[in-house]
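# Observations on the model geometry
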4 protein chains.
Amino acid sequence: MARIPVAVIGATGMVGQRIIAMLDGHPQFELHEVASSARTAGKRYGAAATWRVPSAMPDGVGGLQLKEGGSRLDSSVVFSAMPAGPATAIERGYAADGKIVVSNSSSYRMDPRVPLVIPEVNADHLHLVRCQGTPGGIVTNCNCAAMFMTMALAPLHRRYGIEAVQVTTMQAVSGAGYPGVASLDILGNVFPLPKEEEKMERETQKMLGTVAEGVVTPAAFPVSAQCQRVPVEDGHTETVAVRLTGNPDAAEVAATLRDFRGMPQEQGLHSAPARPIEVFEQDDRPQPRLDANRHAGMTASVGRIRACPVLTVKMLVLGHNLMRGAAAAAMLNAEALLAMDLLPA
Amino acid sequence: MARIPVAVIGATGMVGQRIIAMLDGHPQFELHEVASSARTAGKRYGAAATWRVPSAMPDGVGGLQLKEGGSRLDSSVVFSAMPAGPATAIERGYAADGKIVVSNSSSYRMDPRVPLVIPEVNADHLHLVRCQGTPGGIVTNCNCAAMFMTMALAPLHRRYGIEAVQVTTMQAVSGAGYPGVASLDILGNVFPLPKEEEKMERETQKMLGTVAEGVVTPAAFPVSAQCQRVPVEDGHTETVAVRLTGNPDAAEVAATLRDFRGMPQEQGLHSAPARPIEVFEQDDRPQPRLDANRHAGMTASVGRIRACPVLTVKMLVLGHNLMRGAAAAAMLNAEALLAMDLLPA
Amino acid sequence: MARIPVAVIGATGMVGQRIIAMLDGHPQFELHEVASSARTAGKRYGAAATWRVPSAMPDGVGGLQLKEGGSRLDSSVVFSAMPAGPATAIERGYAADGKIVVSNSSSYRMDPRVPLVIPEVNADHLHLVRCQGTPGGIVTNCNCAAMFMTMALAPLHRRYGIEAVQVTTMQAVSGAGYPGVASLDILGNVFPLPKEEEKMERETQKMLGTVAEGVVTPAAFPVSAQCQRVPVEDGHTETVAVRLTGNPDAAEVAATLRDFRGMPQEQGLHSAPARPIEVFEQDDRPQPRLDANRHAGMTASVGRIRACPVLTVKMLVLGHNLMRGAAAAAMLNAEALLAMDLLPA
Amino acid sequence: MARIPVAVIGATGMVGQRIIAMLDGHPQFELHEVASSARTAGKRYGAAATWRVPSAMPDGVGGLQLKEGGSRLDSSVVFSAMPAGPATAIERGYAADGKIVVSNSSSYRMDPRVPLVIPEVNADHLHLVRCQGTPGGIVTNCNCAAMFMTMALAPLHRRYGIEAVQVTTMQAVSGAGYPGVASLDILGNVFPLPKEEEKMERETQKMLGTVAEGVVTPAAFPVSAQCQRVPVEDGHTETVAVRLTGNPDAAEVAATLRDFRGMPQEQGLHSAPARPIEVFEQDDRPQPRLDANRHAGMTASVGRIRACPVLTVKMLVLGHNLMRGAAAAAMLNAEALLAMDLLPA
């Protein structure tokens, strides 16, 4: 069967590179075009990008000529790893042009008509992509820190009902892209990230919310986020405490997380892990160095599930910010759209 | 006036070294003896210890001959920076021998007759040192992570009443001593510290508790701690959320912290900072690299005080784990004991 | 064709784990037994070892029961990743018992009858394994820092003749095993490694030496090594300057390195990279973070080849200390032994 | 006696801040003016600069209003910590205006009429400041990496004669200023610094050269530098090998370094250390974490002095790149100029 040709815009950045790496050997999508900023347009990809993925650059990619983001593209499916600033106009333009934009950018995440989706959590929101009043549409994935907490909260909200959430993040530097964080701000340091906090709070509520009449109504429970950057290359670590209706104990919560499956597992999507959540028993796990890469970086690792004397349970959550937290989140959204027949013919 | 001769046991470790550095030029105490493990007993201090304090080793210290911890000491005041294991018998022995042991060890922290003291918070507990049924007595300071949170909580508990506390720590490697943490466990990593959590929870409750009939009754509010080690050399960073009676707003809480003073400030103790808490206005402070050393490492730095959608307020708390979190905590306790006339004549 | 059953001793350490990972799916060797220290003997491998390889532990390994190093083994081929202390007696014992020991330990590296081999460099030395006066024999690979410099020097020595070498190393912490380096010695630090220097100097000379009458005579040129540990997880970086007979220019040296091939490439050994040396043109490469993993960690990366105003040329050399620098060095030695028909039938 | 009012231009950067810190309590110079880029001109210093010096910002500095570098200044002595680009025109302008510019910038370091000075090494070059054909003059200090090697080489050149030098650097991130190095380029990495190498080579030769007829003639021996950045905050570490006339042994070289004194020691300059070089006996010293701050960061730490099988001796050299390597280098130059009566009346 012919693979669907796709474009990657924001292709030279760290997330764009990971999307390109995932497209190598993908059974359904095929890299057809790459685009980036005006500064690099016209250059060959191999000359313009410093490749930062641990695996080798796929054959054929280095020779592709970069287009300028926003310029005419052949592909009807566009992966966007653009920074939020330029993404706003460019993504809207492609949607007006009839393309489906599968975006990792923050520009439209909180637009109530734009689905903000983790396929295991709220694949049903994806139908909104056809209700945006444009020939095409935009689908987004969440902030890399909101991702892993929301994956861990979703089965708890479904089964018990969440009443309140406290989260503290210890985020990796690769989440800030390149050049990103100054080394003097992070070597031997913990750096506050005030702007991440509202994103985590609101995006979590939106993903656990409900769709009606073409818009998402966010969940009502309060989320309180305290975000920091730490000197870790890859892998966001999060301490999460949650108050649950009915006050289940830690063992029951652990079982609920372990049993969690969603649409990607049921439909056998190509990039889906066998289980979205891996629960650890050891009391010193998960850790980013040992666990961020588990299952190709597609799972949320959850450990230290125990009673919380203030809320109901607390736990340690970890995931690979560049994979399931960004590039692979977009890829899985695209695969879900295809499985739901929501991509252009 | 003659300075009081003191002994430092556990003198070669990181905390012992800091105590020795603080004794240099101290107006009231004078280093008279050093002791350590059997392994180094008999050696000269300068040969047995790798000096890790940023300032130079004080004159005269390198030539002192190390005694074995537990052996006969001349001094009636003993600073203990022994590991918890050997400290249990050794500290009890010195107390039985009539000495006042000012300890940083965890052995007796939760003994209800042993005062666990931050002089700004609960100097009144120090009187317990005379009620332990031995000729001498033991005074302790808390775990380095409990220290800064408790300093920030004390004025809030006094003014409003605390109903619940959530804390996540990001602790420095120097808190684990030398050799301490393996580099493979911490370079580019976040490492869970399960055993620190109960200490933080219970020690905080004890310090904010009340004394009656010769024992401490801990405060009743729940504390939920989630502790991690991060690749930071010095300075423990903590995200703290607290539910307060009466629901004060963030500005009022900030003012309460800023105005906090205690016995060390009132009495002008030698090592006391002008203010125990420094409140930051910038939304990217405090940070360990920039702020752990402020005011000679004697203050708790508090920033990002803001409303918490789950509890009442949340904030970022930081302090120097080896100074106010350990060595200087013991030193200030000794100065408070002296000011309260609780040291041997 | 049946795979040869092999044992891995020192199986729980970082190098042992990498050997086990390389055996997964190996076409010629099959993991049959694992052994470690007396402390873990009898435990299941999955319970005794904290798995630190980025890929998942191969199926079936976790359930293997650990034997004690030195005890009876079925396999006639033994990979040894034991520490030098216990390795001395244990490896000798297995060789006396008729086994071929393919060792990463330093115990026998400088024994003139024991081949110290990089198959691209001195595969001919492997014949010594049959001349050690025991039913079996010992083959070793070099120190992880000597490896990459020697790979880069070998084609230059062959073509021009080396007259003198200066090298400074910046070595990764994984080279010291676990727990290895204390975090306080390496976070934000550069730590001298005096004991590595003589190893680098002498092992390089031995590998570039000649075999006659059953012993190796080392090359005569002087090597001067200055070794340090730096806060890098994986990948040893080395600045190398070399005086060459005939004074070739940098471009010619680069071409010589680029063209280098050896027995593993000619024979198509399973773990051999297509080219043992990758030459970089960019003036900011190689770097451990970007390049240590290239070609499965099997190559020496060489860049910045340029004239040296003191010797002839200088260059920056890098390789993965746990792969080609240790585990994969042993594996390639075993594959070379098999290709040369030097393994037990 | 009245202190000489001085200006600091480039005052908000890391070196500028250190100069300001050193002026606090200085007996001869007094901070009168601060200047920086157009972007911050007009702002109060305390609002424009993130203070990164471990000690507190001196009283009174926070309220100073920043001028624009190049604008009119009252002071006749100007410390320049400007980046090389803008420094070129600005420093020339102030010299034309009659001021003495004591510069840390690289703009004029290799100008043969501009003295490039370490007062212990070549204070006699300072007279060139009056021979530049302008009413004022420019004095520079060297690159932070050239500093420590040259301090160690100077007494050897004086006593034996240097024939060749090989150096590899492992440089701290603070040497690149703020924001400087991207964290993804340095966390767990070693990053090549090609542009530093020629500076190290040529500046060393110039400082060890001779003055005649108003210009410096550099020393003729070859220097070969290989420069890297490592994940260290403060302190440049260097492996140095040197060929010396007469082939002295390591013990003699160590004694020569230990005995080294220069004009700052003889004249008792305020910022001068008692000895410019501290020689270590331990084989694991110096290390940046333990030793960069020794003697207020004013000394070169030298250890591991031993025979080199290729040249004559090799050693490990370390110093604080922001102190003696930059800010304090300028300060000591200013003190030397004053002592030599070369500052404007």
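What you are looking at is a predicted structure, and each value in this text was computed from that prediction instead of being measured.

Rules used throughout
- Residues numbered from 1 in each chain as written.
- Chains lettered and ligands numbered in written order.
- Predicted model: local features only at pLDDT ≥ 70, side-chain atom pairs only at ≥ 80, totals over all residues.
- Heavy atoms only, no water.
- Least-squares fit on C-alpha atoms with pLDDT ≥ 70 in both.
- Helix = DSSP H or I, 4+ residues; strand = E, 2+ residues; numbered from the N terminus.
- Contact = heavy atoms within 4.5 Å.
- Axes fitted to C-alpha atoms, helices over the stretch in contact; angles between N-to-C directions.
- Parallel < 35°, antiparallel > 145°, perpendicular 65-115°, else oblique.
- Left-handed = near helix turned anticlockwise from the far one by under 90°.
- Nonpolar A, V, L, I, M, F, W, Y, C, P; charged D, E, K, R; others polar.
- Core = buried A, V, L, I, M, F, W, Y, C linked by side-chain atoms within 4.5 Å.
- Buried < 20%, exposed > 50% of the residue type's maximum accessible area, 1.4 Å probe, protein only.
- Expected span 1.5 Å × (residues − 1).
- Bend = angle between axes of the 7 residues up to and from the residue.
- Buried area = accessible area lost by both parts, 1.4 Å probe.
- Salt bridge = Lys/Arg side-chain N within 4 Å of Asp/Glu carboxyl O.
- Polar contact = N/O pair within 3.5 Å; in protein donor to acceptor, adjacent residues only side chain to side chain.
- Pairing = 2+ DSSP bridges.
- pLDDT = per-residue confidence, 0-100.
- Phe/Tyr/Trp six-rings, centres within 6.5 Å; stacked < 30°, edge-to-face > 60°.
- Lys NZ or Arg CZ within 6 Å of the ring centre and 35° of its normal.

With that out of the way, let us pick up the relation of the copies chain A and chain B. Here chain A sits on chain B after a turn of 180° about the axis and a move of 0.0 Å along it, with an RMSD of 0.0 Å. On this basis, the relationship between the two copies can be described by a two-fold rotation axis.

Let us now look at unusual backbone geometry. Residue Pro-286 of chain B is reached from Arg-285 of chain B by a cis peptide bond, and omega for that bond is 0°. Tracing the backbone shows Pro-286 of chain B in the loop between β13 (277–279) and α10 (288–291). Of note in this structure, His-295 of chain A is not a glycine but carries a positive phi near 55°. Considering the arrangement of structural elements, one finds His-295 of chain A in the loop between α10 (288–291) and β14 (300–307). Residues other than glycine seldom take positive phi values, yet Asn-247 of chain C does so here, at roughly 55°. Within the fold, Asn-247 of chain C resides in the loop between β12 (236–244) and α8 (250–259).

Let us now look at the relation of the copies chain D and chain A. When chain D is fitted onto chain A, the two copies agree to an RMSD of 0.0 Å after a turn of 180° and an axial shift of 0.0 Å. Both copies share a contact surface, since 100% of the interface residues of chain D are interface residues in chain A too.

This part takes up the packing of helix α1 (residues 14–23) of chain C against helix α12 (residues 323–339) of chain C. The description of two packed helices rests on the angle between their axes and on the distance between the axes. Residue and element names in this part refer to chain C. It is at 9 Å that the axes of α1 and α12 come closest, and there the two elements cross at 50°. Comparing the axis directions of α1 and α12 gives the class oblique. As for how α1 packs across α12, the hand of that crossing is right-handed. Together, Val-15, Arg-18, Ile-19, Met-22 and Leu-23 of α1 and Met-323, Ala-326, Ala-327, Ala-328 and Met-331 of α12 make up the contact between the two elements. Its residues placed into classes, the contact of α1 with α12 shows nine nonpolar, no polar and one charged.

Judged by nonpolar contacts, the single largest core of 192 residues is most densely connected at Phe-79 and Met-315 of chain B together with Phe-79 and Met-315 of chain C. In terms of nonpolar packing, the next biggest core, distinct from the first, is built from 189 residues, Cys-227 of chain A together with Val-6, Leu-66 and Met-200 of chain D among them.

Another point: helix α12 (residues 323–339) of chain D. Residues and elements named next belong to chain D. If you check α12, its first and last C-alpha atoms are just 21 Å apart, much less than what 17 residues at 1.5 Å a residue would give, namely 24 Å. Of all the bends in α12, the largest measures some 50° and sits at Ala-329. Extensive coverage of α12 is indicated by the burial of 15 of its 17 residues. Two residues or fewer after α12 comes Asp-341, characterised by a positive phi angle close to 65°.

Let's shift gears to the interface of chain A and chain B. Where interface size is given, it is often the accessible area lost as the parts come together that is meant. Taken together, the contact between chain A and chain B spans 47 residues of the former and 47 residues of the latter. Taken as a group, Val-190, Gln-226 and Val-310 of chain A account for 15% of the area that chain A buries against chain B, more than any other trio of residues on that side. Put simply, chain A and chain B have six salt bridges between them. Counting every contact that joins chain A to chain B gives 20 residue pairs in polar contact (both at pLDDT 80 or more). Secondary-structure elements contributing two or more residues to the side of chain A that touches chain B are β7 (162–171), β8 (191–192), α7 (194–207), β11 (223–229), β12 (236–244), α10, β14 and β15 (313–319) of chain A. No other element matches β11 of chain A, which puts six residues into the side of chain A that touches chain B. In terms of residue class, the side of chain A that touches chain B is made up of 26 nonpolar, ten polar and eleven charged.

Moving on: the interface of chain D and chain A. Counting residues at the interface gives 18 residues for chain D, matched by 18 residues for chain A. At the junction of chain D and chain A, the tally comes to two salt bridges. Between Arg-52 of chain A and Asp-185 of chain D there is a salt bridge whose closest N-O contact spans 3.6 Å. Inspection of the region where chain D meets chain A yields four residue pairs in polar contact (both at pLDDT 80 or more). Top element by residues in the side of chain D that touches chain A is helix α6 (residues 183–186) of chain D. It accounts for four residues. In terms of residue class, the side of chain D that touches chain A is built from eleven nonpolar, four polar and three charged.

Residues and elements named next belong to chain A. Spatially, seven strands are ordered β8-β11-β7-β12-β15-β14-β13 in an open sheet, and the strand pairing comes out mixed. One side of each edge strand has no neighbouring strand; the edge strands of this open sheet are β8 and β13 (277–279). For β7 and β12, the ladder comprises eight bridges, and the chain directions are antiparallel. The residue bridging Val-167 from the neighbouring strand is Val-240, located in β12.

Residue position: Thr-168 of chain C is located in strand β7 (residues 162–171). Taking relative accessible area as the criterion, Thr-168 of chain C reaches 3% and is therefore assigned buried. For Thr-168 of chain C, the contacting residues outside a window of four places in its chain are Gln-226, Gln-228, Thr-237, Glu-238 and Thr-239 of chain C together with Thr-168, Met-170 and Thr-239 of chain D.

Glancing now at the environment of Glu-33 of chain D. Residue and element names in this part refer to chain D. As for its position among the elements, Glu-33 is in strand β2 (residues 29–36). Residues Glu-33 and Ala-11, spaced 22 residues apart in sequence, show a C-alpha to C-alpha distance of 9.3 Å. In this structure Glu-33 touches Val-6, Ala-7, Val-8, Lys-67, Arg-72, Leu-73, Asp-74 and Ser-75, once residues within four positions along its chain are discounted. Within the local environment of Glu-33, its side chain forms a polar contact with the side chain of Ser-75, the two groups lying 2.4 Å apart.

Let us now look at the sheet that holds strand β14 (residues 300–307) of chain B. Residues and elements named next belong to chain B. Pairing in this open sheet of seven strands is mixed, and the strands run β8-β11-β7-β12-β15-β14-β13 from one edge to the other. Edge positions in the sheet fall to β8 (191–192) and β13, since each of these pairs with one other strand and no more. Of the pairings in the sheet, the one linking strand β7 (residues 162–171) to strand β11 (residues 223–229) comprises seven bridges and is parallel in character. When the sheet's bridge partners are listed, Thr-168 is paired in β11 with Gln-226. Its contacts with the sheet place helix α8 (residues 250–259) against β12 (236–244), β13, β14 and β15 (313–319), and it is angled at close to 165° to β14.

So, about α1 of chain C. In an α-helix, one full turn covers 3.6 residues, which means residues spaced three or four apart are oriented alike. For α1 of chain C, the tally of buried residues reaches nine of ten residues, placing the bulk of the element in the interior. Next to the buried residues of α1 of chain C lie α6 (183–186) of chain B together with β1 (4–9), β2 (29–36), α2 (45–48), β4 (77–80) and α12 of chain C. Looking one or two places after α1 of chain C, you find Gly-25 of chain C, whose phi comes out positive at around 80°.

To continue, consider the pairing of β12 of chain A. All names here are of chain A. β12 sits mainly inside the fold: eight of its nine residues count as buried. The pairing of β12 with β15 spans seven bridges and is classified as antiparallel. Considered in β15, the bridge of His-236 is made with Gly-319.

A separate point is the confidence of the model for chain A. Overall, the predicted model of chain A reaches an average pLDDT of 97, with 100% of residues at or above 70. The complex model carries a pTM of 0.97, and its ipTM stands at 0.96.

Bringing the pattern of salt bridges into the picture now. Residue and element names in this part refer to chain A. In the structure shown here, the tally under the stated rule is 80 salt bridges over all chains. Note that Asp-291 and Arg-294 form a salt bridge whose closest N and O atoms lie 3.5 Å from each other. By relative accessible area, Asp-291 is classed as buried at 2%. Residue class for Arg-294 comes out partly exposed when judged on its relative accessible area of 28%.

Moving on, we get to the packing of aromatic side chains. Within a pair of aromatic rings, the relevant descriptors are the distance that separates the centres and the angle that separates the planes. All names here are of chain A. Across all of its chains, the model carries eight aromatic pairs over all chains by this definition. Ring centres 6.1 Å apart and planes at 85° place the aromatic pair Phe-29 and Phe-79 in the edge-to-face group. On the criterion of sequence distance, the pair formed by Phe-29 in strand β2 (residues 29–36) and Phe-79 in strand β4 (residues 77–80) is long-range, its members being 50 residues apart. Exposure remark for Phe-29: the relative accessible area of 0% places this residue in the buried category. The ring of Tyr-178 has Arg-52 sitting right over it, with the charged end atom 3.9 Å from the ring centre.

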